[in-house]
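# Coordinate analysis (summary)
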Amino acid sequence: MSEVTVRRPGPRAWATLIRCEAKMVVRDTAGLVVPIALPLLIMAMNASAAGEEMVVNGRSALDVHVLPLVFTIVLASIGIINMPSFLAYYRRAGVLRRLAVTPASPAMVLVAQFVVSLAQAVVGIGAAYAVAVLAFGALPPVDTGVALAVVGLAVAAMYGWGMVVASVAPTPNSAVAIGLIGFFALGAVGGMFGGTAVLPEPVARLGSWLPFGATVEALSAAWAGSPVGASHLVGLALSAVVGAVVATILFRWD
Amino acid sequence: MSVPAIQVEHLHKRYGDVVAVEDVSFEVAAGEVLGLLGVNGAGKTTTVELIAGLRTPDEGRIRVLGLDPRRDRGALRQVLGVQLQQTHLHHALTVAELVDLYRAFYPDPRPAADLLDLVELGGHARTRFEKLSGGQQQRLSIALALVGRPRVVILDELTTGLDPRARRRVWAGVEELRAETVLLVSHSMDEVERLCDRVAVLDGGRLVALDTPAGLVARAGTTDLEEAFVALTGRELAPEEDGCPR
């Protein structure tokens, strides 16, 4: 009576789940403003002046300063605000619990959300970059490979923070609140509101290790063709690892 | 003699100082509809959550089709269909999208159209979950419990919060499941009387009686199930517990 074949959900289940998560994200129109529209706005406001100011290696201030900042806003807002608010909602609403009694594990929803938010980041960065290149003559990074690697590491670091937010937030609303506070705090010490030179030195240094500042500075170096500071890369890797460990310990499924 | 579909032996579960389930034992035969009846806090939901493998018992033994809900989790998920109390689904997905999603999890799912017909939601396939009425959400939840052609179905608080018409439609849907073993959690006399072959009465975490509805009435020497319940537990099902929204 007990000879039941255990069949894990296959590629079709994964594809359907990812498609469903994508629909959830797209239908949450308000959630698309910060990662897609806000970065575009910030770029459009700064691009024309910055595009004419040459900095290094034929790259303008638009390439070296504005684009890294805009891309970082995309990655941070998706990783720290949007993704955790979905997970907190799923937990609160009982979606994760419901999936726990199907052959699909609730962990599949986590993975599907990662995949969809990654796609969202590609769209956000792609849109901003396309406008920068077509409308304002932005140039690609001097070290493209390094820039891509930094983006990959930044995604891991932002998700690390996001998973901590999803783990500690008791409700979906508090996840948005904690995510927003985290996003603006990291942004404030990482140069979102102007250069970090005006910050007290220890704060500015801390900000350059935390994911926002580290991503901005590492991308900036990749665009300029200068070596990426090891402290930024180590900071990003640490955020990813610490976030993963904390979330593994604290994340609740119901 | 066939092996019971569900076997529960000396089940114990406490949350801190609160005893939720105390020494509960029962069996459900294959193809039987067993009702778990009791007031709020009687231990009904904890019992079914233990059987579904969502919680770990402190003591006792559970077998569903011979499977241990914790150890054989993966196998149990293939043969068990569960409708949880007050579950919400992906709120922005439509009925059809949710059915497709849950169908994708099982090797041989029921056709989507059959499921929607069973719970009379065919006309709402393109409606988002958040736009459905409480009764429609409940009916979708039942349909999703049946997606994978389960051999054992757990239905928790099937019609709580539904109006009388919606309740009758849900009941009609359940009556069509005759071939399967059903464990039905309820605090509605009408519901267990209409749907269940036997009824397990829980009170304060303990099993106080297990019999057919008629058997319970005869045993208590009363005229109907409601009076039998009062005689057996010393409690009345408060009107607000009997299927009305809180």
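Residues take numbers from 1 onward in each chain, read along the sequence in its written order. Lettering of chains starts at A and numbering of ligands starts at 1, both following the order in which they are written. For this predicted model, a pLDDT threshold of at least 70 governs which residues receive local features, and a threshold of 80 or more governs which side-chain atom pairs are given and counted, while totals over whole chains, interfaces and linings are taken from all residues. With hydrogens and water stripped out, all remaining heavy atoms of the structure feed into the side-chain values.

Further remarks concern the packing of helix 1 (residues 11-27) of chain A against helix 3 (residues 95-103) of chain B. Under this scheme, a helix contributes an axis fitted over its contacting stretch, all axes are lines through C-alpha atoms, and angles between N-to-C directions fall in the 0 to 180 degree range. Counting from the N terminus, the helices are DSSP H or I runs at least four residues long and the strands are E runs at least two residues long. One can describe the packing of helix 1 of chain A onto helix 3 of chain B by two numbers: an axis separation of 9 Å at closest approach and a directional angle of 150 degrees. Classified by the angle their axes make, helix 1 of chain A and helix 3 of chain B are roughly antiparallel. Taken as a pair, helix 1 of chain A and helix 3 of chain B cross one another with a handedness that is left-handed. Contacts between helix 1 of chain A and helix 3 of chain B involve Arg12, Thr16, Leu17, Cys20, Lys23 and Arg27 of chain A from the former and Glu97, Asp100, Leu101 and Arg103 of chain B from the latter. Gly counts as polar in this scheme, as do all residues outside two lists: the nonpolar Ala, Val, Leu, Ile, Met, Phe, Trp, Tyr, Cys and Pro, and the charged Asp, Glu, Lys and Arg. For the contact of helix 1 of chain A with helix 3 of chain B, a count of residues per class yields 3 nonpolar, 1 polar and 6 charged. Orientation is classified from the angle alone, with under 35 degrees giving roughly parallel, over 145 giving roughly antiparallel, 65 to 115 giving roughly perpendicular, and any other angle giving oblique. Crossings are sorted by hand: turned counterclockwise from the far helix by less than a right angle, the near helix makes the crossing left-handed, and turned clockwise it makes it right-handed. Contacts: residue pairs with any heavy atoms within 4.5 Å of one another.

Looking at the secondary structure, you find Leu32 of chain A in the loop between helix 1 and helix 2 (33-51). Among all residues touching Leu32 of chain A, those that are not within four sequence positions of it are Val25, Val26, Ala37 and Gln120 of chain A.

So, on to the nonpolar core. In plain words, nonpolar cores are sets of buried Ala, Val, Leu, Ile, Met, Phe, Trp, Tyr and Cys residues tied together by side-chain atoms within 4.5 Å. Relative accessibility decides the category of a residue: with a 1.4 Å probe and only protein chains considered, values under 20% of the type maximum give buried, values over 50% give exposed, and everything between is partly exposed. Among the nonpolar cores identified, the biggest contains 152 residues, and Leu140 and Leu183 of chain B are the most heavily contacted of them. Of all the elements, helix 3 (residues 61-93) of chain A adds the most residues to this core, at 19 residues. Domain start and end points were adopted from an automatic or database domain assignment. If you count residues domain by domain, this core takes at least three from each of domain 1 (1-79 + 152-158 + 180-236) and domain 2 (84-149) of chain B. Aside from chain neighbours lying at most four places away, what touches Leu140 of chain B is Leu89, Val95, Leu98, Val99, Leu121, Phe129 and Leu132 of chain B.

Moving on, we come to helix 5 (residues 107-136) of chain A. Multiplying one less than the number of residues by 1.5 Å gives the expected span of a helix. If you check helix 5 of chain A, its first and last C-alpha atoms are 42 Å apart, about what 30 residues at 1.5 Å a residue would give, namely 44 Å. Phi turns positive one or two residues past the end of helix 5 of chain A, at Gly137 of chain A, with a value near 65 degrees.

Residue and element names in this part refer to chain B. Think of a patch as exposed residues, more than 30% relative accessible area, with no salt bridge, where like charges cluster within 9 Å and nonpolar side chains (Val, Leu, Ile, Met, Phe, Trp, Tyr) cluster within 5 Å. For every accessible area listed, the method is Shrake-Rupley and the probe measures 1.4 Å; residues are considered covered only by the protein chains on display. Take a side-chain nitrogen of Lys or Arg and a carboxyl oxygen of Asp or Glu: if they are within 4 Å of each other, that pair is a salt bridge. Asp and Glu count as negative and Lys and Arg as positive, but His and the ends of the chain are not part of the count. Lysine's charge is taken at NZ, arginine's at CZ, aspartate's at CG and glutamate's at CD. On the surface, Asp190, Glu193, Asp224, Glu226, Glu227 and Glu236 cluster together to form a negatively charged patch. Secondary structure elements with two or more residues in the negative patch: helix 7 (189-195) and helix 9 (225-233). As for its placement among the helices and strands, Glu226 is situated in helix 9. A relative accessible area of 42% means that Glu226 is categorised as partly exposed.

Time to look at a nonpolar patch on the surface. Residue and element names in this part refer to chain A. Taken together, Val168, Ile178, Val241, Val245, Ile249 and Leu250 make up a surface patch of nonpolar side chains, about 510 Å² in accessible area. With 4 residues, the single largest contributor to the nonpolar patch is helix 10 (residues 230-250). Residue placement: Val168 occurs in helix 6 (residues 144-168).

Geometry of a packed helix pair, given as the angle between the helix axes and the separation of the axes. Residues and elements named next belong to chain A. Helix 5 packs onto helix 3 with a crossing angle of 155 degrees between their chain directions and a minimal axis gap of 10 Å. Viewed along their axes, helix 3 and helix 5 adopt a mutual orientation that is roughly antiparallel. Every pair of crossing elements has a handedness; the one defined by helix 3 and helix 5 is right-handed. By residue class, the composition of the contact of helix 3 with helix 5 is 20 nonpolar, 5 polar and no charged.

Any link to function would need more than the numbers given here.
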